[in-house]
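Secondary and tertiary structure notes
Spelled out, the chains give:
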Amino acid sequence: MEFKNLLVATVDGVATLTINSPRTLNALNSEVLGELECALYELNLDDSVKAVVITGAGEKAFVAGADIKEMSAMTAYEGHQFGLKGQRVMLLIKKMTKPVIAAVNGFALGGGLELALACDFIYASEKAKVGFPEVTLGIMPGFGGTQNLARLIGKNKANELIFTGKMIDAAKALAWGIVNEVFPPEELLPKALECAAAMARVGTLGVAYAKDAIVSGLDMTREDGFRYEASLFGVLFATGDQKEGMGAFVEKRKAEFKGR
Ligand code: CO8
């Protein structure tokens, strides 16, 4: 499928999804959010895609936020609908059965940081700057940022970032645990693709079920999470991937996973 604001390319099981409106620093308007929902839905259904990297076009930004010009004229009803539309994209990423890396190449602000936080983890360029400037606009994060950031780095650091609206650089984002690793700008995408390829090579069902256990478990008590993990673990023993992975180890050969 062709998109106006996105580039999607798949090589060896790894899809790169680039938000491609660099003139507005890849800001998320209703059209971009609609396209993101379609593209992610398709990538999730495509068995040839084993892992996804999301990044932004241009040198300056991953995504500089939701589109302020579009939001400035919204009614309360439209604001609510816009928030729900963005949240659908973020929840879709969490429910995808494949791992999704955010490669944050520049500004990731507001809805842009929310998009990155919805991904399974974040790699960042040394030039990255992240923050939640919403309060400086008289609003608050609305695409899941209050929930995802507080769960990721704890309430106090999340409070500081969200209540001040300040931006922090890549080094601080690394120290605070928002991003997993920081790279020189030219190395960011190759490193993200290399990591995605490593995840694409292993048993995709194992990755999919582990993602489900982690994402779902974060909203459960520890005991329920343990119980859910055990159920998924058991189900894997009914799959070809488990037979192949363990069989290959015993027979001292390379496993050929089929994802079923
Ligand atoms: N929305 C719309 N346009 C934007 C945005 C944005 N978020 N960010 C940048 N742009 C546009 C600029 O308007 C400018 O366009 P033009 O040339 O037509 O004026 C172009 O991109 C380039 O931007 P700048 O000239 O400003 O570039 P600078 O390098 O000077 O500054 C900054 C870069 C610091 C990133 C600056 O552009 C900026 O502060 N942008 C806004 C950042 C921001 O506040 N983001 C949060 C938005 S609110 C949000 O994301 C809410 C999410 C939840 C919504 C839930 C709804 C219910």
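Keep in mind that this is a model prediction, so the values were computed, not measured. For every chain, the first residue of the written sequence is number 1, and numbering continues from 1 onward in sequence order. Totals for whole chains, interfaces and linings use every residue, but because this is a predicted model, local features are given only for residues with pLDDT of at least 70 and side-chain atom pairs only at 80 or more, for both listing and counting. Side-chain numbers come from the whole structure's heavy atoms, not from hydrogens or water.

A closer look at the overall build of the chain
Helix numbers and strand numbers start at the N terminus; a helix is a DSSP run of H or I with at least 4 residues, a strand a run of E with at least 2. Along its length, the chain carries 11 helices and 10 strands. Taking 2.2 N^0.38 as the reference for a compact globule, 260 residues should give roughly 18 Å; the C-alpha atoms of the chain span a radius of gyration of 19 Å, in line with that estimate. Exposure classes here rest on a 1.4 Å probe applied to the protein chains alone. A residue is buried below 20% of its type maximum, exposed above 50%, and partly exposed in between. The burial tally for the chain puts 43% of its 260 residues in the buried class. For the chain, contacts bridging at least 24 residues in sequence account for 68% of all contacts bridging at least 6. Every accessible area reported is derived by Shrake-Rupley at a probe size of 1.4 Å, with residue values counting cover from the shown protein chains alone. If you sum the accessible surface of the chain, you get close to 13,600 Å²; carbon and sulfur atoms cover 59% of it. Charge assignment: positive for Lys and Arg, negative for Asp and Glu; neither His nor the chain ends contribute. Charged groups are reduced to one reference atom each: NZ for lysine, CZ for arginine, CG for aspartic acid, CD for glutamic acid. Counting 28 positive and 31 negative side-chain charges, the chain places the averaged centre of each group 3 Å from the other. For the radius of gyration, the atoms used are the C-alpha atoms, and the globule rule reads 2.2 Å times the number of residues raised to 0.38. Every residue pair with non-hydrogen atoms within 4.5 Å of one another is taken to be in contact.

Remarks on the packing of aromatic side chains
Side-chain rings of Phe, Tyr and Trp, where Trp is taken by its six-membered ring, are said to pair if the distance between their centres is within 6.5 Å; with planes under 30 degrees apart they count as stacked, over 60 as edge-to-face, and otherwise as tilted. The tally for this structure, following the rule as stated, stands at four aromatic pairs. Judged by centre distance (5.7 Å) and plane angle (55°), the rings of Phe-121 and Tyr-123 are tilted. Judged by its relative accessible area of 9%, Tyr-123 falls in the buried class. Where Phe-233 meets Phe-237, the ring centres are 5.3 Å apart and the plane angle is 55°; that geometry is what we call tilted. Phe-233 gets classed as exposed once you look at its relative accessible area, which sits at 55%. Pairwise contacts between aromatic rings join Phe-121, Tyr-123 and Phe-183 into one cluster.

Some points on the domain arrangement of the chain
Per the domain assignment, the segments of the chain are domain 1 (6-200) and domain 2 (203-251). Annotation comment: domain bounds sourced from an automatic or database domain assignment. Computed over C-alpha atoms only, the centres of domain 1 and domain 2 are separated by 27 Å. With 12 residues of domain 1 at the interface, the matching set in domain 2 holds six residues. Accessible area, probed at 1.4 Å, shrinks when two parts are joined; the buried area is that loss added up over both. In total, domain 1 and domain 2 occlude about 650 Å² of area from one another, counting both sides; carbon and sulfur atoms represent 59% of this. For domain 1, the biggest contributors to the area lost against domain 2 are Lys-94, Thr-97 and Arg-151; these three give 51% of the whole. One side-chain nitrogen of Lys or Arg within 4 Å of one carboxyl oxygen of Asp or Glu is enough to make a salt bridge. Its salt-bridge partner being Asp-120, residue Lys-211 comes within 2.9 Å of it at the nearest N-O pair. The term polar contact refers here to a pair of N or O atoms within 3.5 Å; inside protein, the definition further demands a hydrogen-donor-capable atom paired with an acceptor-capable atom, and it admits residues adjacent in sequence only when both atoms are side-chain atoms. If you look at where domain 1 meets domain 2, you find five residue pairs in polar contact (both at pLDDT 80 or more). Counting residues per element, the ones that place at least two in the side of domain 1 that touches domain 2 are helix H3 (76-95) and helix H8 (185-201).

Comments concerning the sheet that holds strand S7 (residues 121-125)
The pairing criterion for strands is at least two bridges between them, as found by DSSP. Across the sheet, six strands lie side by side as S1-S2-S3-S5-S7-S10; this open sheet has mixed pairing. Each edge of the open sheet carries a strand with a single partner, namely strand S1 (6-11) and strand S10 (181-183). Shown here is a sheet whose adjacent strand axes are inclined to one another by a mean of 20°, direction ignored. Where strand S2 (residues 14-19) meets strand S3 (residues 51-56), six bridges bridge the pair, whose relative direction is parallel. What sits directly across from Thr-18, in S3, is Thr-55. To get an axis, fit a line to the C-alpha atoms, keeping to the stretch in contact for a helix; angles then go from 0 to 180 degrees between the N-to-C directions. Contacting S1, S2 and S3, helix H1 (residues 30-45) runs over the sheet at an angle of about 180° to S2. Where H8 meets the sheet, its contacts fall on S2, S3, strand S5 (100-104), S7 and S10, and the angle it forms with S7 comes to roughly 155°.

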